[in-house]
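# Reading the structure
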Amino acid sequence: QQPVQSPQAVILREGEDAVINCSSSKALYSVHWYRQKHGEAPIFLMILLKGGEQKGHDKISASFNEKKQQSSLYLTASQLSYSGTYFCGTEVSGSARQLTFGSGTQLTVLP
Amino acid sequence: KAGVTQTPRYLIKTRGQQVTLSCSPISGHRSVSWYQQTPGQGLQFLFEYFSETQRNKGNFPGRFSGRQFSNSRSEMNVSTLELGDSALYLCASSLKTGSTNEQFFGPGTRLTVL
């Protein structure tokens with residue numbers, strides 16, 4: 001079952017923060033985050049495994065709440081280069097090892 | 001290190017025809033996954049190949065098939081094309097099988113079915 005991402009779209013100014021959420025109705029084994037710019041291939045951001053760990057890279061970090069089956073992606077002090085569509089991909093515990101992606105969150109950072 | 005390459009980049013076909021898409025993974029990567037991307041459905045998993053064996057298959061009809069060669073290159077075939085097959089087809093490679101591995105996506109093949 002496809003995870004639900006929210007919000008569907010967000011517009012912010014350079015330097016502002018944003019949070020993108022990804023929720024599943026099923027128990028998750030892992031959550032993956034990717035960013036795709038228009039006309040380009042999705043780029044890997046990070047993987048979170050069950051256990052509630054939080055990961056970060058530069059000013060982009062993510063958390064995984066195993067109890068809520070929810071992951072959140074945090075973008076701090078957004079840069080123009082952060083613009084794009086963010087997808088979460090989820091792997092359900094106990095199922096075949098494949099990713100099911102959400103419908104994406106379109107993030108636009110304005111100068 | 002060269003990235004994932006896909007050929008052709010663009011393809012126009014008519015209903016009823018068949019099409020073959022090709023994907024060359026990053027050197028050393030043995031897993032290749034295929035995805036269909038459409039505005040309405042987003043990214044949908046088609047199948048994954050590892051060491052020339054299909055490891056996983058998504059919820060697509062049998063018209064969609066694939067294979068992987070000994071050099072890890074993979075092909076995807078769609079027979080009896082339908083209008084709804086128009087999409088961007090992405091392949092992604094990773095070192096190992098299983099989704100807890102970073103996947104590197106290719107630029108995709110844009111298929112248009114008329």
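Whatever comes next refers back to the structure up there.
Starting afresh in each chain, residues are numbered from 1 along the sequence in its written order. Here chains are named by letter from A upward and ligands by number from 1 upward, in the order in which they appear as written. Two thresholds apply to this predicted model, a pLDDT of at least 70 for residue-level local features and 80 or more for giving and counting side-chain atom pairs, whereas whole-chain, interface and lining totals are computed over all residues. As a rule here, side-chain values come from all non-hydrogen atoms in the structure, and water together with hydrogens is ignored.

On to the overall build of chain A. Helix and strand labels come from DSSP, where a helix needs a run of H or I of at least four residues and a strand needs a run of E of at least two; each type is numbered from the N terminus. When helices and strands are tallied, chain A shows 0 helices and 11 strands. Secondary structure elements of chain A, listed N to C terminal, follow the sequence β-β-β-β-β-β-β-β-β-β-β. Only C-alpha atoms enter the radius of gyration; for comparison, a globular chain is expected to reach 2.2 Å times N to the power 0.38, where N is the number of residues. By the compact-globule yardstick of 13 Å for 111 residues, chain A fits well, its C-alpha radius of gyration being 13 Å. Dimensions along the principal axes, computed over C-alpha positions, put chain A at roughly 45 × 25 × 20 Å. The cut-offs for exposure are 20% and 50% of the maximum accessible area for each residue type, with area from a 1.4 Å probe on protein chains only; residues under the lower value are buried, those over the upper are exposed, and the others partly exposed. Across the 111 residues of chain A, 45% fall into the buried class. Here the contacts in chain A between residues at least 6 apart in sequence split such that 55% fall between residues at least 24 apart. In short, Shrake-Rupley with a 1.4 Å probe defines the accessible areas, and a residue's cover is counted only from the protein chains shown. By element, 49% of the accessible surface of chain A is carried by carbon and sulfur atoms, the whole surface being about 5500 Å². Looking at charge distribution, chain A has the averaged site of its 10 positive side-chain charges lying 7 Å from that of its 8 negative ones. Contacts were defined at the residue level, with two residues in contact if any of their heavy atoms lie within 4.5 Å. By the counting rule applied here, Lys and Arg register as positive and Asp and Glu as negative, while His and the ends of each chain are not counted. A single reference atom marks each charge: NZ on Lys, CZ on Arg, CG on Asp, CD on Glu.

Now for the pairing of strand β11 (residues 105-110) of chain A. All names here are of chain A. Side chains of β11 alternate between two faces, with Thr-105, Leu-107 and Val-109 buried and Gln-106, Thr-108 and Leu-110 left unburied. Only strands that DSSP links by at least two bridges are regarded as paired with each other. Across 5 bridges, strand β2 (residues 9-13) lies against β11 in parallel orientation. If you follow Leu-12 over to β11, its bridge partner there is Val-109. The sheet contact formed by strand β9 (residues 84-92) and β11 spans 3 bridges and is antiparallel. For Thr-85, the partnering residue across the bridge sits in β11 and is Gln-106.

Another aspect to go through is the interface of chain B and chain A. The interface is formed by 19 residues belonging to chain B together with 18 residues belonging to chain A. Put simply, buried area is how much 1.4 Å-probe accessible surface two parts lose in total, over both of them, once they are put together. In total, chain B and chain A occlude about 1500 Å² of area from one another, counting both sides; carbon and sulfur atoms represent 57% of this. Salt bridges are defined by distance alone: a side-chain nitrogen of Lys or Arg within 4 Å of a carboxyl oxygen of Asp or Glu. If you look at where chain B meets chain A, you find 0 salt bridges. Here a polar contact is recorded for every N or O atom pair within 3.5 Å, except that within protein the pair must consist of a potential hydrogen donor and a potential acceptor, and residues adjacent in sequence are included only if both atoms are side-chain atoms. Along the contact surface separating chain B from chain A lie 2 residue pairs in polar contact (both at pLDDT 80 or more). If you list the elements that add at least two residues to the side of chain B that touches chain A, you get β4 (31-38), β5 (42-50) and β6 (53-57) of chain B.

A few words now on the state of the cysteines. Residue and element names in this part refer to chain B. Put simply, a disulfide is two cysteine sulfurs that come within 2.5 Å. Per the counting criterion, the structure on display carries 2 disulfides over all chains. Put simply, Cys-23 and Cys-91 are joined by a disulfide, and their sulfur atoms are 1.9 Å apart. Here Cys-23 and Cys-91 share a disulfide; its torsion about the S-S bond, 70 degrees, makes the bridge right-handed. With Cys-23 in strand β3 (residues 19-24) and Cys-91 in strand β9 (residues 87-94), this pair connects stretches of sequence that are 68 residues apart.

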